[in-house]
Structures are given as C-alpha cells and as structure tokens.
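A look at the structure
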Amino acid sequence: MEQVPVKYERHIFVCVNDRQEGDCCSNRGGLEISKALRDYVNKHGLFHRFNISKSRCLGHCSEGPTIAIYPDGKIFKNVSIKDIDKIINEYLS
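The structure presented is a predicted model; accordingly, all values stated were derived computationally and were not measured. (Residues numbered from 1 in each chain as written. Predicted model: local features only at pLDDT ≥ 70, side-chain atom pairs only at ≥ 80, totals over all residues. Heavy atoms only, no water.)

**A closer look at the nonpolar core**
Of all hydrophobic cores here, the largest spans 16 residues; its most connected members are Ile12, Leu37, Ile67 and Leu92. Sorting the residues of this core by element identifies β1 (10-15), α1 (30-43), β2 (50-55), β3 (67-70) and α2 (84-91) as the ones contributing at least two each. It is α2 that contributes the most residues to this core, 4 residues altogether. Excluding residues within four positions of it along the chain, leucine 37 makes contact with Ile12, Val14, Ile52, Ile84, Ile87, Ile88 and Leu92. (Core = buried A, V, L, I, M, F, W, Y, C linked by side-chain atoms within 4.5 Å. Buried < 20%, exposed > 50% of the residue type's maximum accessible area, 1.4 Å probe, protein only. Helix = DSSP H or I, 4+ residues; strand = E, 2+ residues; numbered from the N terminus. Contact = heavy atoms within 4.5 Å.)

Next comes the structure, spelled out in structure tokens:
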C-alpha cells in the first residue's frame, strides 16, 4: 500500500444510490444535485481544487438526498436543488 498526497481542498460526495424498494437518493434528486455541483466546478475552472463524486448509500435513504463533505467531516441530509447556492457559497468558494 502506498499513500498519496491529498489532491483536493475539498471533496463532496453526493448519494445517488438507487434501491429497488423504498426511498433512495437517486429518485429524490441526488443525480440532479451531483450534476449541478459538478457543472459549477467545471464552469468556473475549480476542478483542480474541488472534486464532486457520486456515491452509493451514505446511510440516510429515507431522509432525502445526502451529501458528505471532506475534510470537513460534515453530512447533510434532505438536500435539495434549492440548497445548491448555499453549498457553493459555503464549500466551493
């Protein structure tokens, strides 16, 4: 095993998990949130500072789309597309 240096200032994981039964982030806006954040990072040339990754289950399926932000160690549930501007201002600026 070989450790490599951290490449990004911040990494945001957006749950896009798709379950056959019950609630899941995919059908509640996870893909839309991931795309909006990634589009912002790419449009503003921030892809060398910030990374947006799709994630499988983050453990809050019944509580809406979930994002995890590192190295901050924060998890937000019930995220909606309406929250994008706040996420951008607080974590991608």
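**A closer look at the pattern of salt bridges**
One pass over the structure, following the stated rule, counts 4 salt bridges. Across the pair glutamate 63 and lysine 77 runs a salt bridge whose closest N-O atoms are separated by 2.9 Å. Linking glutamate 63 in the loop between β2 and β3 with lysine 77 in the loop between β4 (74-76) and α2, this pair joins segments that are 14 residues apart in sequence. Judged by relative accessible area, glutamate 63 falls into the partly exposed class, the value being 27%. Given the relative accessible area of 43%, lysine 77 is considered partly exposed. (Salt bridge = Lys/Arg side-chain N within 4 Å of Asp/Glu carboxyl O.)

**Considering the packing of α1 against α2**
For the pair α1 and α2, the least separation of the axes is 11 Å and the interaxial angle reads 45°. By the angle between their axes, α1 is oblique relative to α2. Handedness of the crossing formed by α1 with α2: right-handed. Contacts between α1 and α2 pair Ile33, Ala36, Leu37 and Tyr40 from the former with Ile84, Ile87 and Ile88 from the latter. (Axes fitted to C-alpha atoms, helices over the stretch in contact; angles between N-to-C directions. Parallel < 35°, antiparallel > 145°, perpendicular 65-115°, else oblique. Left-handed = near helix turned anticlockwise from the far one by under 90°.)

**Considering α2**
Since there are 3.6 residues in each turn of an α-helix, residues three or four apart along the chain are aligned in direction. Within α2, the full set of buried residues consists of Ile84, Ile87, Ile88 and Tyr91. Here the buried residues of α2 occupy an arc of 100° about the axis, which is enough to place them on one side. For α2, the exposed residues lying more than 90 degrees away from the buried face are Asp85, Lys86 and Asn89. Considering only its buried residues, α2 is in contact with β1, α1, β2, β3 and β4. (Arc of directions from axis to C-beta.)

**Structural notes on the side chain of serine 34**
Looking at the secondary structure, you find serine 34 in helix α1. Residue serine 34 is classed as buried on the basis of its relative accessible area, which comes to 1%. Serine 34 has contacts with Val14, Val16, Ile52 and Lys54, leaving out every residue within four places of it along the chain.

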